[in-house]
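Descriptive structure summary
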Amino acid sequence: KALSAAACFPASAVEVDHAPDAGTPLVGRAAEWAVIERHLRAPETPMLALRGELGIGKTRLLQEAAAQAARDGFSVLEGRCQRFCDQPYAPLRDALQRHVRGLSTARLRSELRASPWLARFLPELSAKLPRSLPALAPEQERRLMFAAVRSFLRRISGPRGTLLILDDLHWAPADGLALLAALLQGPDAMLLRVVAAYRDGELRAGEPLSRFVMDLAHRGALRQQRVGSLDAESSATLLDLLLDGTTAVVAAQRRRVLERCDGVPLFLVSYARGLRDGTVEVPATLEHSIDQRLHALPDSSRKLLTLTALIGRPVAARLLSRAGGGAEEAVEAALMAACRANLLRESADGYHFVHDIVREVIVHSLHDGGRRVLHRRIARALKGESGEQAMAELAHHYAAGGERAKALLYLERAADRSAEQLAFNVAEAHYRDLLARFAEERCSAEQARVAEKLGSLLVKEGRYDDALAALEGAVSAYMGGGACEASALALAEIGRVHALRGTPGEGMARLAATLPGLERQGPTRGLAALHVTLAHLHFVGGDYEGELSWAMRAAEFAAAAGANDLLASAHQRCGTARFLLGAVGEGVSRLEQALALAEAIDAPPIVSTCLANLAWIALETGHIDRARLIGTRALEIAERRGDQTRIAVRTTILGVAHFHAGQWERAEACLERSSAAAKRAGDAWVAAYPLIGWGQLLMARGETCEAEQSLERASAIGCRSGDLQALRRSAGLLAELDLFHGRPEAAIGRIVPLLDRSSSPEIYASVLLPALAQAYLALGRVDDAAHLADQAVARLSAAGHIVRMQALRVHGEVALARGAWEQSAASIEAALDAARQGGYRYPEAQALSALGDLNLARGCADLAACAYREALAVFRDLGARRDAEATEARLRHLERTERRSGETTA
């Protein structure tokens with residue numbers, strides 16, 4: 001069936017990206033076109049992907065979709081990717097750039113006022129901004145930039161909406177696919193339509209496009225339509241249309257073309273062009289046809305086509321001029337001759353081939369010696385370009401030109417730059433390429449250095465097993481080259497990965513064998529690093545006295561070796577241990593000392609860790625505003641480095657701070673983000689903390705089943721890693737759930753094994769005492785409960801810990817059970833005052849509820865009702881459904897009792 005629209009392929013090009021001849025019908029694509037029409041008029045998904053092999057006609061269908069959409073009232077934006085394209089966010093940036101070129105300056109300024117972060121996506125618009133954009137964390141900038149693109153696409157929408165036409169998606173970089181995925185999710189995803197095309201053969205498991213397609217298909221946001229070869233009848237129809245009545249073509253030639261082309265439109269177009277032009281007889285192969293066209297050009301054009309083919313992307317005349325050594329005017333003339341031969345096409349990005357197969361034919365025809373000479377010329381020309389150079393491109397051309405040293409230099413620079421820009425997948429590919437090359441040439445020192453960089457990169461992504469493999473390779477290479485100090489530093493990094501991974505025992509065992517030999521050599525940087533790491537491993541394993549011991553020795557070695565960064569890390573570990581062992585003031589002092597030193601030597605990771613520790617202590621000791629302030633600073637540093645583990649911890653701190661301040665919606669947003677970061681960081685110890693935060697929030701909301709599931713998962717992670725802090729925090733909350741469900745024995749069984757394990761009163765063991773006192777009280781063991789309540793108040797008040805409010809309330813409840821009303825009132829009112837002074841709204845409501853119980857027991861019904869109503873108002877405001885229901889029940893019971901009493905009196 002022929003549809004009266006535009007040509008399936010124009011006779012003037014191999015494959016084009018411009019508007020086709022509207023007088024030629026679309027042949028043999030009725031089924032595919034029906035799917036496209038349905039997508040434009042009544043879509044089932046926001047995106048339709050056309051997939052098929054090279055030259056099968058996907059681009060032609062995209063052209064027709066764009067034309068039809070424009071007629072239907074869509075605002076149509078078109079973009080395409082190029083092989084070896086180094087443009088970020090392709091092809092969406094290409095599509096938006098094409099569109100904004102047609103906008104007036106006034107319209108652009110209006111758009112930038114509405115979405116100023118669009119200028120970060122299209123840097124050429126920066127000059128039109130009324131004021132410069134603020135410097136923010138990369139992840140925050142990226143969110144604002146994505147939101148600006150979404151807003152812009154919404155504003156330029158036509159009557160029917162906005163349609164994105166995206167070609168050659170198989171060459172799209174990971175960041176471009178990430179942006180497209182972001183645009184296609186959310187409640188307004190269907191307001192944007194996308195029709196895209198990619199090659200079947202380019203979709204490989206594990207690559208960005210493969211993951212993108214699978215994710216969208218799983219979400220129900222993508223429909224795929226395969227574009228196959230034309231059947232025999234459609235092929236014959238298309239060939240006749242392309243030949244346009246050429247009488248010189250005999251039946252035998254026509255039959256031979258149809259047999260050889262086998263229904264591939266690209267081949268039909270190529271053969272038909274040769275037959276119509278009369279320049280060649282029926283070509284034996286498509287390559288021969290292209291070769292004939294090349295030889296019809298002047299030498300100057302052929303040379304420039306060769307350079308363009310080796311560059312492998314759209315290229316400006318000035319670059320070809322530098323690489324070819326000719327004047328730019330002569331280069332332009334030669335390029336135009338290639339355009340007239342329908343081998344090149346000019347676009348806003350520069351000159352490019354009408355189809356990639358033309359480039360491949362040219363490259364294949366070059367002999368090795370000539371290819372190497374031209375690659376070296378291109379590299380020198382690229383170095384002369386103004387602005388930031390694409391290091392990977394320089395590395396490619398130097399390598400192809402036989403200049404190994406320069407190729408490796410630029411490849412490593414490309415990897416380092418990609419890592420700095422948080423393009424981890426690109427950086428990893430470059431580092432692995434370097435490792436393979438250094439391994440072939442047995443360059444152990446270089447191999448070790450790059451393996452260590454790769455390991456550090458993988459740690460930031462949370463890929464701990466892969467990081468360990470890379471770092472073990474670095475240690476092996478260092479040892480092979482006799483670099484003992486460098487191997488010690490790499491071993492310290494291996495230990496740190498085990499700490500992050502939640503396998504402290506394995507980390508300690510791996511490092512232990514190295515220490516005796518290093519200690520005999522005296523204080524070195526490597527020895528100090530190993531001691532810092534062993535302190536970290538003992539922290540994760542819950543041995544805080546061990547952490548303190550190793551950290552103090554680390555500080556001695558770091559000071560002797562003049563390693564100020566390691567000295568700061570040692571002080572940070574000492575401060576953490578002191579706090580956990582109950583010496584809060586000394587812990588804070590050590591951490592502030594570490595922070596000052598880290599800031600003086602400009603060590604962002606250590607600064608971030610010190611800030612996070614200080615934020616957590618501020619939060620635990622009742623200073624919410626300080627916790628949020630310095631916690632935000634810690635998060636900003638982690639975001640700039642793209643470190644998923646640190647991002648997870650920092651956002652958890654902020655989430656818990658918002659929870660205590662009564663801002664539960666903001667707490668939920670932070671905890672969602674921390675959970676996502678922890679998931680990206682793998683199933684490591686850090687994953688327990690967002691789960692604990694969720695458990696606390698869900699408990700307060702009254703969602704006890706979900707809270708228990710979250711806390712049990714956190715406990716399992718803590719148990720696997722030996723993280724005593726996570727075990728205690730999750731056990732304390734689970735014990736509260738046990739008490740709610742009437743299981744005091746279970747609560748005691750959870751808590752008792754986790755009490756103090758050292759000679760010092762550990763802070764998180766103290767935190768467990770209020771719940772343990774409540775459990776004994778529930779069992780009627782009032783004396784035991786009173787002893788524990790006294791101990792909890794003393795220990796937590798001395799530490800200034802936030803849980804002292806709970807301890808005071810529980811102390812008051814125990815005193816009430818013993819009939820000591822005055823003591824009960826003093827404790828509960830102290831809990832209420834502390835909550836109000838610190839701005840802790842949930843503990844405030846809990847204390848008010850306890851005060852109501854006390855007044856009710858004392859026979860002061862009016863005071864009890866007043867306290868219950870105050871508590872109920874706070875519970876409702878927060879969304880603490882379970883507590884609100886319990887308080888309402890108390891009020892109703894009190895009101896019924898008062899009514900009966902009044903009726904009896906009457």
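Residues numbered from 1 in each chain as written. Predicted model: local features only at pLDDT ≥ 70, side-chain atom pairs only at ≥ 80, totals over all residues. Heavy atoms only, no water.

Some thoughts on the overall build of the protein chain
Helices and strands together make up the secondary structure of the protein chain, namely 45 helices and nine strands. When its C-alpha atoms are laid out on the principal axes, the protein chain stretches across 115 × 85 × 50 Å. Summarising the internal contacts of the protein chain: among those between residues at least 6 apart in sequence, 65% fall at separations of at least 24. Here the protein chain has roughly 37,200 Å² of accessible surface; of this, 51% comes from carbon and sulfur atoms. Across the protein chain, the 109 positively charged side chains and the 110 negatively charged ones have centroids separated by 4 Å. (Helix = DSSP H or I, 4+ residues; strand = E, 2+ residues; numbered from the N terminus. Contact = heavy atoms within 4.5 Å. Areas by Shrake-Rupley, 256 points an atom, 1.4 Å probe, with all protein chains shown as cover. Lys, Arg positive; Asp, Glu negative; His and termini not counted. Charge placed at Lys NZ, Arg CZ, Asp CG, Glu CD.)

Re the pattern of salt bridges
Counted according to the given criterion, the structure contains 49 salt bridges. A salt bridge links Arg573 to Glu547, with the shortest nitrogen-to-oxygen separation between them at 3.0 Å. One end of the pair, Arg573, is in helix α28 (residues 564-580); the other, Glu547, is in helix α27 (residues 544-561), with 26 residues separating them in the sequence. Each of the two residues, Arg573 as well as Glu547, counts as buried. For Arg876, the salt bridge is made with Glu888, and the minimal N-O distance between the two is 2.3 Å. Taken together, the residues Arg876 in helix α44 (residues 861-878) and Glu888 in helix α45 (residues 881-905) connect sequence positions 12 residues apart. One continuous salt-bridge network, built from bridges that share partners, spans Glu708, Glu712, Asp738, Arg743 and Arg750. (Salt bridge = Lys/Arg side-chain N within 4 Å of Asp/Glu carboxyl O. Buried < 20%, exposed > 50% of the residue type's maximum accessible area, 1.4 Å probe, protein only.)

Observations concerning the side chain of Ser715
Relative to the assigned elements, Ser715 resides in helix α35 (residues 704-721). When sequence neighbours within four positions are dropped, the list of residues in contact with Ser715 reads Leu727, Ser730 and Leu734.

Considering the state of the cysteines
Tallying each qualifying case throughout the model produces zero disulfides. Lacking any disulfide linkage, Cys866 is separated from the closest cysteine sulfur, that of Cys860, by 12 Å. Residue classification places Cys866 among the partly exposed residues on the basis of a relative accessible area of 40%. (Disulfide = S-S within 2.5 Å.)

Some details on the nonpolar core
Soluble globular proteins tend to bury their nonpolar side chains together. Leu305 and Tyr431 are the most contacted members of the largest nonpolar core, which has 227 residues in total. Broken down by element, the residue count for this core peaks at 11 residues, all from helix α30 (residues 604-620). If we ignore the near neighbours within four places in the chain, the residues touching Leu305 are Leu294, Leu297, Ala338, Leu343, Leu344, Phe353 and Ile362. Counting residues in hydrophobic clusters, the runner-up holds 50 residues, among them Leu108, Leu129, Ala172 and Phe212. (Core = buried A, V, L, I, M, F, W, Y, C linked by side-chain atoms within 4.5 Å.)

These results come straight from atomic positions and should not be treated as a statement about function.
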